Structure formats: structure tokens, C-alpha cells
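Descriptive analysis of the structure
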Amino acid sequence: MRILLIDDDQDLCQLTKKVLEMNGYTVDAFFEAASGVKYARQNRPNLILMDIILPGLTGPEIIASLKTDQQFINIPVVFLSALVSGDDVESEGIMVGGLKYQTIGKPYEIDKLLAIVKKYAK
Amino acid sequence: MGKAIHVVFLDDEHSTLEIIRHEFSQEPYGVFLTNNPDQAMELIRKEKIKVVVSDQVMPNVTGVKFLQNIKQYDPNIVRILLTAHADFSAAEEAINIGEVYRVINKPWKSIDLLSTVRRATERYDLTIRAELTNERLKAMYEIQREFTSTVSHELRTPLASIKTAIDLVVKKTLGKINPEQEEVLGRAKKNVDRLKRLIDDILDLTKMESGKLKMSFMKNDIHQAVREVVEAQKDFAQSRGLQLKMSLDNGVPFVAFDSDRIMQVLNNLVGNAIKFTKQGGITIKTSKKFEDEYILISVIDTGKGIAEENLSKLFKKFHQIESAEANEEGGTGLGLAISKEIINLHGGKIWAESKFDKGTTFHFTIPIEEKFNSTSA
């Protein structure tokens with residue numbers, strides 16, 4: 001199970017990678033979107049887990065452009081963001097192109113993150 | 001000359017206007033006198049007019065009608081009607097429909113008209129000042145809200161790394177830790193979580209206070225919310241050896257409320273009750289009150305009670321009763337302030353009653369009448 005993780009907060013990115021790896025996932029982590037997207041085009045991940053506010057394009061903008069590409073349509077996307085509270089996980093979602101994407105608030109509870117990743121990664 | 005014109009007089013009789021010119025010659029502001037409503041209106045559009053005084057009986061327009069036009073143009077301009085003695089219907093119409101400030105009978109005493117107009121200009125100044133203050137306050141709230149949401153985001157980002165790092169170790173994901181390490185990190189974790197809740201609560205409260213919180217009101221069963229909260233808090237109560245009971249009145253109708261937010265209030269009240277009760281239990285009771293205008297929800301505990309003088313302070317921000325328990329429990333001091341805002345947004349009330357050593361009851365009401373449609377801010 002491969003997860004593409006994009007977060008410009010390098011500390012949290014490394015820690016999230018560790019959390020996921022310790023729970024059996026293969027994680028490719030990037031601190032900025034361009035190389036993450038380039039990677040995604042070459043290795044279709046099972047899940048994209050990404051921050052919303054990134055330098056350059058925002059997460060939703062990146063997803064909007066990725067989703068025009070046929071091969072990305074079926075890859076699930078989950079956002080990670082300090083814009084929402086970790087407790088709002090269930091109710092908050094980010095709309096991109098008419099679709100609602102699950103959003104995990106930061107700071108997150110490890111168990112909640114794992115539960116959501118498990119639900120979406122296929 | 002050179003005085004700014006603040007008052008406009010409209011009267012079709014030249015002699016009346018001359019009297020007024022004479023009476024107002026010593027005032028600190030200028031007056032404009034005319035027998036032509038169009039001319040009066042033109043000046044009102046151009047100058048910063050505070051008060052308009054109009055005669056009732058004129059050839060082309062009645063004073064009431066003219067003042068109504070003024071009200072439509074700028075409701076802040078204070079309007080005064082001059083009527084012939086005993087013209088009650090004009091006076092009635094002016095007050096009830098035109099909402100004029102005063103009706104003055106002709107002939108008037110010079111001092112009466114002077115002091116009335118003077119008070120009218122003061123009233124105008126006050127209204128404008130209040131409006132300005134109001135706008136400034138709104139702008140300040142907006143700045144505060146923006147600041148708070150930016151700061152929250154900036155605080156959550158580093159906190160996320162701290163929390164995940166601590167959680168990874170505490171969960172022993174990275175390997176065993178000894179009991180002493182576990183205890184030390186447990187304390188760090190507790191406080192990181194408290195800081196996280198504090199940021200969430202401050203953001204929540206700021207959104208509510210600036211009217212930016214999106215609420216979704218739906219006609220719903222309050223008992224459903226009560227049951228869910230009891231289910232969620234059951235284990236916590238049991239861990240303290242406390243009973244969590246419901247006393248639900250079947251006559252309580254469905255009312256319009258925001259389910260998530262009301263559950264937040266209930267969770268807060270029940271959570272507090274559990275924290276501050278040593279033995280006995282907590283009961284959530286529902287009933288219909290105040291001539292069927294409200295439903296009443298009460299959270300009753302058998303704790304040690306709260307002193308009378310502290311009851312009103314409970315709902316203030318960052319107010320926690322100073323006690324070892326309060327410190328140990330790690331509350332944010334914002335729960336009740338948030339609950340109060342939520343209940344206010346529902347058009348209800350929240351308050352506490354307590355007897356020392358007998359326990360405390362928190363009550364809140366939600367109006368039965370459907371004041372809110374599906375959604376509103």
C-alpha cells in the first residue's frame with residue numbers, strides 16, 4: 001500500500017511518514033507539490049495525503065488539475081490541514097470540482113489518522 | 001453668516017418663516033427657510049442636514065407626506081411637524097406613520113421651538129456617533145477574528161509536530177518505554193491536548209462572537225441528543241463511580257436546534273458535572289416551561305455546589321473556580337462561555353442554580369416557536 005504524502009511542514013511530514021510506516025504503509029513524502037505531483041504521475045499511489053496550504057499551488061488546486069487526468073480519477077485524496085480542528089474530522093470536508101474531500105485537522109490523533117487512511121487507501 | 005446649515009424649515013407662509021428666521025438668528029448653526037418642498041429636498045441632498053421642520057398644511061404636499069419622504073431618504077434626519085391647533089389626525093399620522101420626533105402646535109412659544117430643535121440636533125449627533133462606534137466595533141471584531149484564525153493556524157502547525165511526536169512515543173509505536181518515561185510524557189501529552197482544545201475553543205468563541213459561525217437549525221428531537229450525550233459520557237461517569245440518569249418528559253415537542261452545537265453544550269455541562277461530583281450522580285432532565293414557550297433542559301449534579309457569588313461569573317471567559325480539581329481536570333475555562341453563546345444563538349437562556357453541599361443544576365432553554373428556518377447565521 002503506497003501513500004503519497006505532501007506537506008511543507010518538514011517536521012510533521014517526517015513524523016506522519018513515521019506513523020504510517022510503523023503501521024505497515026509505504027510512504028513517499030515530499031515537502032513541496034511539484035515533485036510530489038511528478039512522482040504521482042510515474043508511480044500511481046493508493047492514496048494521496050496532502051496539506052491544503054502549500055507554497056505555490058494550494059492542495060485543492062493541485063487536485064483539481066490532477067483530476068483532469070484520467071489515471072488519477074480513481075486515486076483517493078485526503079487533506080491534512082491546520083485550518084480545521086482535529087475534532088472536526090467528520091464534519092469538515094474540502095470541496096474540489098464538486099466533490100467533497102475528507103479533511104483531517106492538525107494536530108491529529110494518530111488513531112483517527114490511521115482509521116481514515118485505512119478507509120480510503122485501496 | 002458662515003454658519004453650517006443644520007436645520008431646514010418648510011412652511012408656505014412667508015410671515016411664519018420670518019418669525020423663525022428671527023428666533024433662530026442667535027443659534028450656533030445656520031437654518032434654511034423655504035416655502036418650496038423641492039428646494040428643501042435639494043438642500044437636504046447637498047448639505048449635512050440634521051433636522052427638518054415642516055408645516056402640515058401646504059398647497060402641494062402635506063407636512064406628514066414630506067417628512068415621510070425625508071425619512072425614506074435618510075432615517076437619521078430628525079423630523080418635526082408644525083400643526084395648527086387641534087389637528088389631531090395629522091399629529092396622529094405623523095407620529096404613528098411618519099415616526100416624527102415631535103409635533104409642535106401653532107402658535108408656539110419661541111423657547112419651546114428653540115429647545116426642541118436644539119434637542120433634535122443633539123439627538124441626530126448621538127445617533128450618528130452611535131452608528132460610527134458600531135461600525136468601528138464591527139471592524140475591530142473583524143480584525144480580531146481574522147487575527148485569531150491566523151494565529152490559530154500558526155499555533156496548530158508546530159503543535160501538530162509536538163503532539164504527533166509525543167503520541168508516537170507514548171503509544172510505544174517506536175518501542176518500549178519505562179514507567180517513569182511514560183509518566184513524564186503522559187504529563188506532556190495531557191498539556192499538549194489541553195493547548196489544542198484551548199486553541200479550538202478560542203477560535204470557536206471568536207466565530208460565535210463575530211456572528212461568523214454557521215449554524216444549521218433543524219426541527220429535531222432533543223431527547224435524541226440527550227441519549228447520544230449520555231451514551232458518550234457513560235464510561236467517563238462510570239470511571240468515577242457516578243450514575244448518569246435521564247428523566248425525559250414525553251410532552252416535550254420537537255424544536256429547531258443545531259444538533260452538533262446543542263450536543264456540544266450538553267457534553268460540556270455533563271462533562272463538568274462529572275468532573276466536579278465526588279459521589280452520587282448526574283441527571284439530565286427535560287420539560288416544557290413558561291406557558292409552553294420553551295423547552296427546558298436541566299443537568300443536575302450531586303456535587304459540592306457553587307457559592308452564590310460565583311454563579312454569575314461562571315459564564316465569563318477564562319473563569320474557572322479556583323480549586324485543585326479544576327486545575328487537575330485540564331479544562332480551557334471557555335466551555336461555559338461557548339455554551340452561553342450557542343444557547344443565545346438559539347434564542348434561549350442558560351443559567352445555574354446551586355445549593356452548597358447539595359449540588360448544582362445548569363438549566364438551558366430553547367424556544368418552541370419556530371423562530372429559525374432551516375439555516376441562519
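Basis of the calculations
Residues numbered from 1 in each chain as written. Chains lettered and ligands numbered in written order. Predicted model: local features only at pLDDT ≥ 70, side-chain atom pairs only at ≥ 80, totals over all residues. Helix = DSSP H or I, 4+ residues; strand = E, 2+ residues; numbered from the N terminus. Buried ≥ 20, exposed ≤ 12 C-beta atoms within 10 Å, placed from the backbone. Contact = placed C-beta atoms within 7 Å. Pairing = 2+ DSSP bridges. Nonpolar A, V, L, I, M, F, W, Y, C, P; charged D, E, K, R; others polar. Axes fitted to C-alpha atoms, helices over the stretch in contact; angles between N-to-C directions. Parallel < 35°, antiparallel > 145°, perpendicular 65-115°, else oblique. Left-handed = near helix turned anticlockwise from the far one by under 90°. Arc of directions from axis to C-beta. Core = buried A, V, L, I, M, F, W, Y, C linked by C-beta atoms within 7 Å. Domains from an automatic or database assignment. pLDDT = per-residue confidence, 0-100. Right-handed = clockwise from strand over helix to strand, strands pointing away.

A count of helices and strands for chain B gives 11 helices and 14 strands. A burial count over chain B gives 31% of its 377 residues as buried. Looking at chain B alone, contacts between residues at least 24 apart form 68% of all its contacts between residues at least 6 apart.

Let us now look at the pairing of strand β10 (residues 281–289) of chain B. All names here are of chain B. Sheet topology places strand β8 (residues 243–247) next to β10; five bridges connect them, and they run parallel. Paired with Lys 245 across the strands is Thr 283, a residue of β10. In terms of strand pairing, β10 meets strand β11 (residues 294–301) through eight bridges, oriented antiparallel. When the bridges of β11 are listed, Thr 283 appears paired with Ile 300.

Each partner contributes to the interface: chain A provides 18 residues, whereas chain B provides 16 residues. Sorting elements by how many residues they give to the side of chain A that touches chain B places helix α1 (residues 10–22) of chain A first, with seven residues. Class assignment of the residues belonging to the side of chain A that touches chain B gives a composition of nine nonpolar, four polar and five charged.

Attention now goes to the sheet that holds β8 of chain B. Residues and elements named next belong to chain B. Read across the open sheet, the five strands follow the order β8-β10-β11-β13-β12; overall the sheet is mixed. Strands with a single pairing partner mark the edges of an open sheet, and in this sheet they are β8 and β12 (350–355). The average angle at which neighbouring strand axes cross in this sheet is 15 degrees, direction not considered.

What follows covers the sheet that holds strand β5 (residues 102–106) of chain B. All names here are of chain B. With respect to topology, five strands assemble into an open sheet ordered β2-β1-β3-β4-β5, the strand pairing being parallel. Two strands close off the open sheet at either side, each with one partner strand: β2 (30–34) and β5. Averaged over all adjacent pairs, the angle separating strand axes in this sheet is 20 degrees, with direction ignored. Summarising the sheet, strand β1 (residues 5–10) and strand β3 (residues 51–55) pair through four bridges and their orientation is parallel.

Moving on to the packing of α1 of chain A against helix α5 (residues 110–170) of chain B. Packed helices, taken two at a time, are described by the angle their axes make and the gap between the axes. Packing of α1 of chain A against α5 of chain B brings their axes to within 9 Å, and their N-to-C directions diverge by 30 degrees. With respect to α5 of chain B, the element α1 of chain A is oriented roughly parallel. At the point where α1 of chain A passes α5 of chain B, the crossing takes the left-handed sense. Along the contact surface, α1 of chain A presents Asp 11, Leu 12, Leu 15, Thr 16, Lys 18 and Val 19 of chain A, while α5 of chain B presents Ala 160, Ser 161, Thr 164, Ala 165 and Leu 168 of chain B.

Right, let's get into helix α3 (residues 63–73) of chain B. Residue and element names in this part refer to chain B. Where α3 is concerned, the buried positions are Gly 63, Val 64, Phe 66, Leu 67 and Ile 70. Projected down its long axis, α3 shows its buried positions confined to an angular sector of 160 degrees, all on one face. Next to the buried residues of α3 lie β1, α2 (37–46), β3, β4 (78–84) and α4 (88–96).

Residue and element names in this part refer to chain B. With respect to the secondary-structure elements, Val 53 resides in strand β3. Expressed as a C-alpha distance, the spacing of Val 53 and Val 7, which sit 46 residues apart in the sequence, is 7.5 Å. Once you skip the residues sitting within four places of it in the chain, Val 53 turns out to touch Val 7, Phe 9, Ile 80, Leu 82 and Val 117.

Next up on the list: the nonpolar core. Core analysis: the biggest nonpolar cluster contains 41 residues, and Leu 266, Val 270, Ile 282 and Val 299 of chain B have the highest contact counts within it. When contributions to this core are tallied by element, the ones reaching two or more residues are α6 (179–209), α7 (222–239), β9 (255–257), α8 (259–275), β10, β11, α11 (335–345) and β13 (359–367) of chain B. Considering each element in turn, this core owes the most residues, seven residues, to α8 of chain B. Residues from two domains meet in this core; each of domain 2 (137–209) and domain 3 (217–376) of chain B gives at least three. Sequence-distant contacts of Ile 282 of chain B, that is, excluding residues within four places in its chain, are made with Ala 237, Leu 242, Leu 244, Val 270, Ala 273, Ile 274, Thr 277, Val 299, Ile 300 and Asp 301 of chain B. Residues Tyr 25, Leu 47, Ile 52 and Ile 110 of chain A belong to the second largest nonpolar core, which totals 39 residues.

We now examine unusual backbone geometry. Residue Lys 106 of chain A is joined to Pro 107 of chain A through a cis peptide bond whose omega torsion reads -5 degrees. Within the secondary structure, Pro 107 of chain A is located in the loop between β6 (99–105) and α4 (110–120). With omega at -10 degrees, the peptide bond leading from Lys 106 of chain B into Pro 107 of chain B counts as cis. When you line up the elements, Pro 107 of chain B lands in the loop between β5 and α5. Not every positive phi belongs to a glycine, and Asp 357 of chain B is a case in point at roughly 75 degrees. Looking at the element boundaries, Asp 357 of chain B is found in the loop between β12 and β13. Given 9 C-beta atoms within a 10 Å radius, Asp 357 of chain B is considered exposed.

Low pLDDT means the predicted atomic positions in that stretch should not be read closely. Residues and elements named next belong to chain B. In this model, chain B carries a mean pLDDT of 88, and residues with pLDDT of at least 70 account for 94%. Contacts from residues 372–377, a stretch scored under 50 in pLDDT, to residues over four places away or in other chains number 11 contacts. With pTM at 0.68, the complex prediction returns an ipTM value of 0.89.

Residues and elements named next belong to chain B. α6 packs onto α5 with a crossing angle of 160 degrees between their chain directions and a minimal axis gap of 9 Å. By the criterion of interaxial angle, the relationship of α5 to α6 is roughly antiparallel. The two elements α5 and α6 meet at a crossing, and its hand is left-handed. Here the residues of the contact of α5 with α6 sort into 14 nonpolar, six polar and eight charged.

Looking now at the pairing of β1 of chain B. All names here are of chain B. Most of β1 is tucked away: five of the six residues are buried. Where β1 lies against β2, five bridges are found, and the strand directions are parallel. Bridge pairing in β2 places Phe 9 opposite Leu 33. Running through helix α1 (residues 14–23), the crossover from β1 to the neighbouring parallel element β2 is right-handed.

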